[in-house]
Amino acid sequence: MRRTVYNEDHEAFRDTLRSFIEAEVVPVYDEWLAAGQAPREFYYKLGELGIFGIEVPEEFGGAGEESFKYQAIISEECARAGVSFGGSGVHVALCLPYLKAYATEDQKKRWLPDFVTGTTMYAIAMTEPGTGSDLAGMKTTAKLSADGSHYVLNGAKTFITGGVHADRVIVCARTAAPTPEDRRFGISLFVVDTTSEGYAVGRKLDKLGLRTSDTAELSFTDVKVPVEDLLGEENKGFAYLGQNLPQERLGIAVGAYAQAAAAIRFAKEYVQDRTVFGKTVASFQNTKFELAACQAEVDAAEAVCDRALEAHDAGELSAAEAASAKLFCTEVASRVIDRCLQLHGGYGYMNEYPIARLYADNRVNRIYGGTSEVMKMIIAKNMGL
Ligand SMILES: Cc1cc2nc3c(=O)[nH]c(=O)nc-3n(C[C@H](O)[C@H](O)[C@H](O)COP(=O)(O)OP(=O)(O)OC[C@H]3O[C@@H](n4cnc5c(N)ncnc54)[C@H](O)[C@@H]3O)c2cc1C
């Protein structure tokens, strides 16, 4: 089936991006893997290419696009090449929507131009050592000072993607206790300068996959956050998270679909080349059936992603629909990538083969951005259950 979700401008962007990845990422990717992160300088290159500014309004140095489809193309092209842009995915796909929706004009003037160039990299810190799925249970606090000039931030976050390189982090913290009627009340968002006194980056975490993204622990000890860096209104942070998580989940769905599609391509190339018992692996009926079954699943995931992308661009993607897309596409990707790895035999288990990296990288898609179980809770609630 012909995909209708992308137009000529999108495809031109895809061509540019594909060449950029081939020239600037593929040749050095093994070095990034060995280092455990993409180098900071690479983010300036992404800034120069205009990747960070696509959805930023023109007055702040961006291209002023409103469509999320460009982010989807980035996911698709990275998966196709078996690489990633390190921790920078969160800078645009996760952080920008918050800055666009809730920053004041003054804050946008202060923050967005350097966001576009990559001079200031952003991350977002929701998860804490004691709470992930149940975000309302967060313990990090931000208390307004007596003179009302700043908040005093105390607490700790973990699993923060981009946490090592970040220059500013959107930190979720409690500014008031939950009320008996609403345990989600009292959370606020702050755009914290990572050079502030008392702000510390802990361990860069050693992960199963996504080995070029810097995922870190953060801690805050009496960090003074100027009131000018409160994002949106005090105590309404949970609602802001609720409004932005559907885009994050759509992004994960598209990434998972793209990884599954790439897995089929890698497996197809491999089985046509590998000879066993005097025949290519591709010639066994089992191989054909396995790849055919995978293709059917990926076709379905593609249709889900494309519909969700259109709905999101039209401002119509609901939280439950985004959860459904994430649940479906990430579960499909896990099955497909596993079957494609199997067709590689032992070589599929070797990190030098892209299928092994895909296998490890994909696993987290069912966990972050909300686990599959949390997605089911959202969908069930929407069903009135
Ligand atoms: C590589 C990576 C990058 C990440 N990046 C970020 C980031 O940039 N910023 C950020 O804030 N966070 C980030 N996270 C955190 C991520 O969003 C959380 O790990 C995720 O939301 C799950 O939370 P948890 O790890 O505390 O698991 P838990 O909440 O402890 O869940 C444990 C298990 O219990 C299940 N469970 C929980 N509640 C229920 C329920 N009510 N019913 C049934 N089952 C339930 C879960 O599904 C899971 O299987 C990242 C995580 C990883 C692994």
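- The name an unreviewed UniProt entry gives the chain is Acyl-CoA dehydrogenase, with Streptomyces albidoflavus as the organism.
- Per UniProt, the comment on the chain under Cofactor (unreviewed entry) is "FAD".
- We quote the UniProt Sequence similarities (unreviewed entry) comment for the chain here in full: "Belongs to the acyl-CoA dehydrogenase family."

**Brief notes about the layout of surface pockets**
So, point 1. Here the second largest pocket is characterised by a volume of approximately 380 Å³.
So, point 2. If you trace the second largest pocket, you find 17 residues lining it, with Leu 208, Asn 351, Ala 356, Arg 357 and Ala 360 closest to the centre.
So, point 3. For the lining of the second largest pocket, the secondary structure elements donating two or more residues are α2 (29–35) and α10 (354–363).
So, point 4. When residues of the lining of the second largest pocket are assigned to their parent elements, the largest contribution, five residues, is made by α10.
So, point 5. Residue composition of the lining of the second largest pocket, grouped by class: nine nonpolar, three polar and five charged.

**Observations concerning helix α1 (residues 8–25)**
Residues three or four positions apart in an α-helix share a direction because the helix packs 3.6 residues into each turn.
So, point 1. Compared with the 26 Å implied by 1.5 Å per residue over 18 residues, the 25 Å span of α1 between its first and last C-alpha is a close match.
So, point 2. His 10, Phe 13, Arg 14, Leu 17, Phe 20, Ile 21 and Val 25 are the residues of α1 that are buried. What you see down the axis of α1 is that its buried residues fit within an arc of 135 degrees, all on one side. Within α1, the exposed residues directed more than 90 degrees away from the buried face are Glu 8 and Ala 23.
So, point 3. Next to the buried residues of α1 lie α2, α3 (40–49) and α4 (69–81).

**Some remarks on the nonpolar core**
So, point 1. Counting residues in hydrophobic clusters, the biggest one holds 95 residues, and the most contacted among them are Phe 85 and Leu 231.
So, point 2. It is helix α7 (residues 237–273) that provides the largest number of residues to this core, a total of 18 residues.
So, point 3. Discounting residues that sit within four places of it in the chain, Leu 231 has contacts with Tyr 98, Leu 99, Tyr 102, Ala 103, Gln 107, Trp 111, Ile 170, Leu 189, Phe 190, Val 191 and Tyr 240.
So, point 4. By size, the runner-up hydrophobic cluster in this structure holds 18 residues, among which are Ala 123, Val 192, Tyr 199 and Val 223.

**A look at the site of the ligand**
So, point 1. Every one of the 17 residues lining the ligand counts as a neighbour, but Thr 127, Ser 133, Phe 159, Thr 371 and Glu 373 are closest to it.
So, point 2. Taking Thr 371, its side chain carries an N or O atom lying 2.6 Å from an oxygen atom of the ligand.
So, point 3. Protein burial of the ligand: of its 980 Å² of free accessible surface, 64% is covered by the chains.
So, point 4. For the shell around the ligand, the secondary structure elements donating two or more residues are β1 (122–125), β3 (150–161) and α11 (372–382).
So, point 5. For the shell around the ligand, the element with the highest residue contribution is β3, accounting for three residues.
So, point 6. Looking at side-chain class alone, the shell around the ligand contains nine nonpolar, six polar and two charged residues.
So, point 7. Here the shell around the ligand spans two domains, since at least three of its residues come from each of domain 2 (122–235) and domain 3 (239–382).

**Quick look at the domain arrangement of the chain**
So, point 1. Here the domain parsing of the chain yields domain 1 (8–117), domain 2 (122–235) and domain 3 (239–382).
So, point 2. Distance from the C-alpha centre of domain 1 to the C-alpha centre of domain 3: 22 Å.
So, point 3. With 19 residues of domain 1 at the interface, the matching set in domain 3 holds 21 residues.
So, point 4. Buried surface at the junction of domain 1 and domain 3, both sides included, amounts to about 1700 Å², of which 60% is carbon and sulfur.
So, point 5. When residues of domain 1 are sorted by the area they lose upon contact with domain 3, Phe 68, Tyr 98 and Tyr 102 head the list and together hold 34% of the total.
So, point 6. At the surface where domain 1 touches domain 3, the tally comes to one salt bridge.
So, point 7. Among the salt bridges present, the one from Lys 69 reaches Glu 310, with a minimum N-O distance of 2.9 Å.

**A closer look at the UniProt feature "domain: Acyl-CoA dehydrogenase/oxidase C-terminal" (unreviewed entry) in the chain**
So, point 1. The positions that UniProt labels "domain: Acyl-CoA dehydrogenase/oxidase C-terminal" (unreviewed entry) are, in the present scheme, residues 235–383.
So, point 2. Counting secondary structure, residues 235–383 comes out at 74% helix and 3% strand; the distance between its end C-alpha atoms is 29 Å.

**Here's the deal with empty space enclosed by the protein**
So, point 1. For the structure shown, the criterion picks out one cavity of 30 Å³ or more.
So, point 2. In this model, the largest cavity occupies a volume close to 40 Å³.
So, point 3. Together, Tyr 43, Gly 87, Ser 88, Val 90, His 91, Met 121, Tyr 122, Ala 123, Gly 162, His 165 and Ala 166 line the largest cavity.
So, point 4. Where the lining of the largest cavity is concerned, the elements lending two or more residues are α5 (89–102) and β1.
So, point 5. Across the lining of the largest cavity, the residue classes break down as six nonpolar, five polar and no charged.
So, point 6. If you count residues domain by domain, the lining of the largest cavity takes at least three from each of domain 1 (8–117) and domain 2 (122–235).

**Describing the packing of α5 against helix α6 (residues 105–117)**
So, point 1. Packing of α5 against α6 brings their axes to within 10 Å, and their N-to-C directions diverge by 160 degrees. Relative to α6, the element α5 is oriented roughly antiparallel. The two elements α5 and α6 cross, and the hand of that crossing is left-handed. Across from His 91, Val 92, Leu 96, Leu 99, Lys 100 and Tyr 102 in α5, the residues of α6 making contact are Gln 107, Lys 108, Trp 111, Leu 112 and Phe 115.
So, point 2. The residue inventory of the contact of α5 with α6, partitioned by class, reads seven nonpolar, two polar and two charged.

**Examining the pairing of strand β4 (residues 168–174)**
So, point 1. In terms of residue burial, β4 counts as a mostly covered element, since seven of its seven residues are buried.
So, point 2. Going residue by residue along β4, you find Arg 168, Ile 170, Cys 172 and Arg 174 tucked away on one face and Val 169, Val 171 and Ala 173 tucked away on the opposite face as well.
So, point 3. Inspection of the sheet shows β1 paired to β4 by four bridges, in the parallel sense. Bridged to Tyr 122 within β4 is Arg 168.
So, point 4. Where β4 and strand β5 (residues 187–193) come together, seven bridges link them in antiparallel fashion. Bridging across to β5, Val 171 finds its partner in Phe 190.

Reading the values: rules and limits
Residues numbered from 1 in each chain as written. Predicted model: local features only at pLDDT ≥ 70, side-chain atom pairs only at ≥ 80, totals over all residues. Heavy atoms only, no water. UniProt positions renumbered as here; feature names shortened; annotations may be inferred. 1 Å grid on protein atoms, 1.4 Å probe; cavity = no way out; pocket = protein on both sides within 12 Å on 5 of 7 lines; lining within 4 Å. Points joined across faces, edges and corners; volume = space filled by probe spheres on them. Helix = DSSP H or I, 4+ residues; strand = E, 2+ residues; numbered from the N terminus. Nonpolar A, V, L, I, M, F, W, Y, C, P; charged D, E, K, R; others polar. Expected span 1.5 Å × (residues − 1). Buried < 20%, exposed > 50% of the residue type's maximum accessible area, 1.4 Å probe, protein only. Arc of directions from axis to C-beta. Contact = heavy atoms within 4.5 Å. Core = buried A, V, L, I, M, F, W, Y, C linked by side-chain atoms within 4.5 Å. Near = heavy atom within 4 Å. Polar contact = N/O pair within 3.5 Å; in protein donor to acceptor, adjacent residues only side chain to side chain. Areas by Shrake-Rupley, 256 points an atom, 1.4 Å probe, with all protein chains shown as cover. Domains from an automatic or database assignment. Buried area = accessible area lost by both parts, 1.4 Å probe. Salt bridge = Lys/Arg side-chain N within 4 Å of Asp/Glu carboxyl O. Axes fitted to C-alpha atoms, helices over the stretch in contact; angles between N-to-C directions. Parallel < 35°, antiparallel > 145°, perpendicular 65-115°, else oblique. Left-handed = near helix turned anticlockwise from the far one by under 90°. Pairing = 2+ DSSP bridges.

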